[in-house]
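Chain and residue survey
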Amino acid sequence: MYSDKVMENFAHPKNAGVLENANAVGLVGNAACGDILKIYLYIEDDIIKDVRFETFGCAAAIASSSMATEMVKGKTIDEALALKNEDIITALEGLPPQKIHCSVLAEEAIAKAVDDYRRRQKEKND
Ligand code: FES
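Residues numbered from 1 in each chain as written. Predicted model: local features only at pLDDT ≥ 70, side-chain atom pairs only at ≥ 80, totals over all residues. Heavy atoms only, no water.

The phi dihedral of Asn15 is positive, around 65 degrees, even though this residue is not glycine. In this fold, Asn15 is placed in the loop between α1 (4-11) and β1 (24-29). What makes Asn15 buried here is its relative accessible area of 13%. Backbone geometry places Asp45, a non-glycine residue, at a positive phi of 50 degrees. Topologically, Asp45 is positioned in the loop between β2 (36-44) and β3 (47-56). For Asp45, a relative accessible area of 72% translates into the label exposed. (Helix = DSSP H or I, 4+ residues; strand = E, 2+ residues; numbered from the N terminus. Buried < 20%, exposed > 50% of the residue type's maximum accessible area, 1.4 Å probe, protein only.)

Okay, here's the thing in structure tokens:
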């Protein structure tokens, strides 16, 4: 059911865990399946210097988180916001139709973390 890429990212996820010095966090959940995905970012000068994730969910959600974090590491926050779930699916060499929402969670968590960063920056500057 899953591609080799999905299995590889599920069995050996990249960037898993908590990022202690994170300055942005994005938490999203899917009410239907009950899965939760949390992304931690450390951003400096609008560049994502470090990233980690904690995912309490299915194999596709873990693989999507792993892939998404790899794809945004070292990118600007605007580039990270441009990352769409279709890009994650392509990088994972496909997901079964009933698992598309797992990649959407990863996209949403990154967008939420960037929002959190912008909110914190604004608070600092106010
Ligand atoms: Fe819900 Fe995968 S089944 S995130």
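Pairing is possible between side chains that carry opposite charge, provided their charged atoms lie close to one another. Summed over the entire model, instances satisfying the criterion amount to eight salt bridges. The closest approach of N and O atoms between Lys73 and Glu70, which form a salt bridge, is 3.6 Å. What makes Lys73 partly exposed here is its relative accessible area of 34%. Note on Glu70: relative accessible area 34%, which makes it partly exposed. The partner of Asp116 in a salt bridge is Arg119, and the shortest N-O contact between them spans 2.4 Å. Highlighted residues: Asp116 and Arg119, both in helix α5 (residues 100-125), separated by three residues, approximately one helical turn. In this structure Asp116 comes out as buried when scored by relative accessible area, which is 9%. (Salt bridge = Lys/Arg side-chain N within 4 Å of Asp/Glu carboxyl O.)

These values are about where atoms sit, not about what they do.
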